[in-house]
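Per-entry structural report
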Amino acid sequence: MQEQVQEVLNKLRPFLLRDGGDVELIDVDENGIVLLRLMGACGNCPSSTITLKAGIERALMAEVPGVKEIEQVF
């Protein structure tokens, strides 16, 4: 599942890079929880929660079976 998550993140990465940010995959646990770290401009952006939940989480849940939730690691 980790490879599938990384593939989806690679598709989303250009959008984050365009805004001066990036995303790092920390881990995918056995319960389908994906741990991510937003970096650069995305790391301290007031809209980072929206980016995570409405953007990244939605894409991962749609494309990777077994993903249940995303949690941000600081």
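Note that the structure is a prediction, hence the values are computed from the model and not measured.

Criteria and cut-off values
- Residues numbered from 1 in each chain as written.
- Predicted model: local features only at pLDDT ≥ 70, side-chain atom pairs only at ≥ 80, totals over all residues.
- Heavy atoms only, no water.
- Helix = DSSP H or I, 4+ residues; strand = E, 2+ residues; numbered from the N terminus.
- Expected span 1.5 Å × (residues − 1).
- Bend = angle between axes of the 7 residues up to and from the residue.
- Buried < 20%, exposed > 50% of the residue type's maximum accessible area, 1.4 Å probe, protein only.
- Contact = heavy atoms within 4.5 Å.
- pLDDT = per-residue confidence, 0-100.
- Core = buried A, V, L, I, M, F, W, Y, C linked by side-chain atoms within 4.5 Å.

Here's the deal with helix α2 (residues 48-63)
Look at α2: 21 Å from first C-alpha to last across 16 residues, which is about the 22 Å you get at 1.5 Å a residue. Along α2, the sharpest change in direction is near 35° and occurs at E57. Of all the positions in α2, only S48, L52, I56, E57, A59 and L60 are classed as buried. Packing partners of the buried residues in α2 comprise α1 (2-18), β1 (21-28), β2 (33-40) and β3 (69-72).

Things to note about the confidence of the model for the protein
Residues with a pLDDT of 70 or more make up 100% of the protein, whose mean pLDDT is 94. α2 is the least confidently modelled element of the protein, averaging 93 in pLDDT, while β1 averages 97, the highest of any element.

Describing the nonpolar core
Judged by nonpolar contacts, the single largest core of 18 residues is most densely connected at V5, L9, V34, L36, I56 and L60. Going through the elements one at a time, α1, β1, β2 and α2 are the ones with two or more residues in this core. In contact with V34, not counting residues within four places along its chain, are V5, L25, D27, V28, L60, V67, E69, I70 and E71.

A closer look at α1
With 17 residues, α1 should cover 24 Å at 1.5 Å per step; its first-to-last C-alpha distance of 24 Å lies within 8% of that length. Taking the largest bend as the criterion, α1 deviates by roughly 40°, centred on L12, and proline P14 comes between one and four positions later. The complete set of buried residues in α1 reads V5, V8, L9, R13 and L16. Those residues of α1 that are buried lie in contact with β1, β2 and α2. Note on α1: the residue one or two positions beyond its end, G20, has a positive phi of about 85°.

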